[in-house]
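One letter stands for each residue in the lines below.
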Amino acid sequence: MTPAELLIESFTRIPSIIDRATADLDAQQLSARPGPGTNTIAWLVWHTARGQDVQIADLQGSDEVWTTDGWYDRFELPFGPDEMGYGMSAGDVARVVATADLLTGYLDAVTARTRGYLEGLTEADLDDVVDPGWNPPVTRGVRLVSIVDDCVQHAGQASYARGILDRL
């Protein structure tokens with residue numbers, strides 16, 4: 001298995017985790033908080049897709065799927081197109097309301113773009129420094145591992161929140 005194939009395997013597992021976490025839930029259930037001040041499933045899934053979209057677009061030197069493919073318009077969220085969830089207040093988190101189909105559709109579109117990007121990477125590309133502002137400087141490979149790690153953590157949080165919701 002090549003490093004690119006390993007990364008593809010990692011990124012393409014995320015949608016199935018999210019599918020299980022959102023299955024058969026309506027927008028109201030997806031927007032329910034499992035506890036006071038916690039993130040909702042809808043926010044976790046949206047933020048997972050947005051974070052991946054923004055960072056892969058940056059690595060690829062392309063526009064985000066969010067805006068180029070019309071996802072921003074379809075979601076109709078009360079935020080600008082650059083919002084991705086970092087540093088949002090509890091009130092803003094609650095304003096992320098969407099159906100499971102919309103959330104998983106966006107994640108699927110982002111994952112497809114990510115896969116295409118990864119398929120074109122060589123092993124040498126992973127050593128490219130993409131952020132010299134850190135010590136040590138961040139390489140493309142390290143950034144990709146960071147992105148997938150963040151996505152998996154949020155997918156796990158959505159799954160946990162789903163488990164709580166199912167027990168209520």
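Residues numbered from 1 in each chain as written. Predicted model: local features only at pLDDT ≥ 70, side-chain atom pairs only at ≥ 80, totals over all residues. Heavy atoms only, no water.

**Student:** Could you give an account of helix α1 (residues 3-22), naming the residues involved and the relevant values?
**Tutor:** Between its terminal C-alpha atoms α1 stretches 30 Å, which fits the 28 Å expected from 20 residues at 1.5 Å a residue. Every buried residue of α1 is listed here: Ala4, Leu7, Ile8, Phe11, Ile14, Pro15, Ile18, Ala21 and Thr22. Taken end-on, α1 shows its buried residues confined to a sector of 150°, consistent with a single buried face. Exposed residues lying more than 90 degrees from the buried face of α1 are Arg13 and Arg20. Check the buried side of α1 and you find it contacts α2 (27-30), α3 (41-60), α7 (100-119) and α8 (140-167). Trailing α1 by a residue or two, Asp24 shows a phi angle of about 65°, which is positive. (Helix = DSSP H or I, 4+ residues; strand = E, 2+ residues; numbered from the N terminus. Expected span 1.5 Å × (residues − 1). Buried < 20%, exposed > 50% of the residue type's maximum accessible area, 1.4 Å probe, protein only. Arc of directions from axis to C-beta. Contact = heavy atoms within 4.5 Å.)

**Student:** Just give me the short version of the side chain of His47, but keep the residues and values in it.
**Tutor:** Inspection of the secondary structure puts His47 in helix α3. Since its relative accessible area comes to 2%, His47 is described here as buried. Within polar-contact distance, the side chain of His47 engages the backbone oxygen of Met84 at 2.6 Å. Apart from the residues within four sequence positions on either side, His47 is in contact with Met84, Gly85, Tyr86, Asp150 and His154. (Polar contact = N/O pair within 3.5 Å; in protein donor to acceptor, adjacent residues only side chain to side chain.)

**Student:** Describe the pattern of salt bridges, listing the residues and the values that go with them.
**Tutor:** As enumerated under the stated definition, the model contains nine salt bridges in all. Residue Arg50 is joined to Asp53 by a salt bridge in which the shortest nitrogen-to-oxygen separation is 3.7 Å. Placement of the pair is Arg50 and Asp53 together in helix α3, with a separation of three residues, close to one helical turn. The class of Arg50 is buried, set by a relative accessible area of 0%. Owing to a relative accessible area of 0%, Asp53 belongs among the buried residues under this scheme. Three or more residues joined by partner-sharing salt bridges are found here, namely Arg50, Asp53, Glu64 and Arg113. (Salt bridge = Lys/Arg side-chain N within 4 Å of Asp/Glu carboxyl O.)

Geometric descriptors of this kind do not, in isolation, establish any biological role.
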